[in-house]
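Close look at the chain arrangement
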Amino acid sequence: SSAASDVYKRQVVEHDEGDADKVNVGATVKIKDIEFGDEMEYKIVGSTEVDCLNNKISNESPVGAALIGAAKGDIIEIETPNGEMIKYEVMSVSR
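Rules and cut-offs
Residues numbered from 1 in each chain as written. Predicted model: local features only at pLDDT ≥ 70, side-chain atom pairs only at ≥ 80, totals over all residues. Heavy atoms only, no water. Helix = DSSP H or I, 4+ residues; strand = E, 2+ residues; numbered from the N terminus. Buried < 20%, exposed > 50% of the residue type's maximum accessible area, 1.4 Å probe, protein only. Pairing = 2+ DSSP bridges. Axes fitted to C-alpha atoms, helices over the stretch in contact; angles between N-to-C directions. pLDDT = per-residue confidence, 0-100. Contact = heavy atoms within 4.5 Å. Core = buried A, V, L, I, M, F, W, Y, C linked by side-chain atoms within 4.5 Å.

Before going further, it helps to examine the overall build of the chain. Broken down by element type, the chain carries two helices and five strands. Taken across its 95 residues, the chain has 23% of its residues classed as buried.

As structure tokens, this is what we get:
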């Protein structure tokens, strides 16, 4: 077997179901803008699967990176390019 498939198998074996309620790559996350009340739903994907039209954002994007490890009820802050801080509440995390 190739080295790449060995790495993939190892990652799958080590996947911890105990973190199923936390945001990670592959999770679908619903967040709410605390100031304006707008709700958005994103699927967190690897950088090669990004599809803005279908709300698939990278785990390396500012929003995606801030969401990694968050759980329902957590508040995350994201800095916009102009320096403003936007707060979002994590409403749900699903797979």
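With that out of the way, let us pick up the pairing of strand β5 (residues 85-94). Taken together, the six bridges between strand β1 (residues 28-33) and β5 define a ladder with antiparallel strand orientation. The partner of threonine 28 across the bridge, within β5, is serine 94. Connecting strand β4 (residues 75-79) to the next strand, β5, in antiparallel fashion are five residues, including glycine 83 with a positive phi near 95°.

Spatial strand order, β3-β2-β1-β5-β4: five strands in an open sheet with mixed pairing. In the strand order of this sheet, the two ends are held by β3 (56-58) and β4, each with one partner. Ignoring which end each strand starts from, the neighbouring axes of this sheet average 45° apart.

Let us look at the confidence of the model for the chain. As a general rule, the predicted coordinates of low-pLDDT regions are not to be interpreted in detail. Taken as a whole, the chain shows an average pLDDT of 85; of its residues, 80% reach a score of 70 or greater. In this model residues 1-17 is a low-confidence stretch, pLDDT under 50, and it forms two contacts with partners more than four residues away in sequence or in other chains.

Bridge analysis of β1 against strand β2 (residues 39-45) gives five bridges, and the strand direction is antiparallel. Following the sheet pairing, threonine 28 is matched in β2 by lysine 43. In this structure, the hairpin formed by β1 and β2 is closed by a connection of five residues, where glycine 37 is found at a positive phi of approximately 80°. Sheet analysis places β2 next to β3, joined by three bridges and oriented parallel. Residue valine 45 lies in a different strand from β3, and its bridge partner there is serine 58.

All right, on to the nonpolar core then. Counting 14 residues, the largest nonpolar core has Val23, Val29, Ile31, Ile44, Leu67, Ile76 and Val90 as the members making the most contacts within it. If one sorts the elements of this core by residue count, β5 sits on top with three residues. The residues contacting isoleucine 31, other than those within four sequence positions of it, are Asp38, Glu39, Met40, Tyr42, Val63, Leu67, Tyr88, Glu89, Val90 and Met91.

Another aspect to go through is the environment of lysine 22. Tracing the backbone through its elements, the reader meets lysine 22 in the loop between α1 (3-14) and β1. Lysine 22 gets classed as partly exposed once you look at its relative accessible area, which sits at 33%. Linking lysine 22 and leucine 67, residues 45 residues apart in sequence, is a C-alpha distance of 8.9 Å. Aside from chain neighbours lying at most four places away, what touches lysine 22 is Gly69, Ala70, Ala71, Val93 and Arg95.

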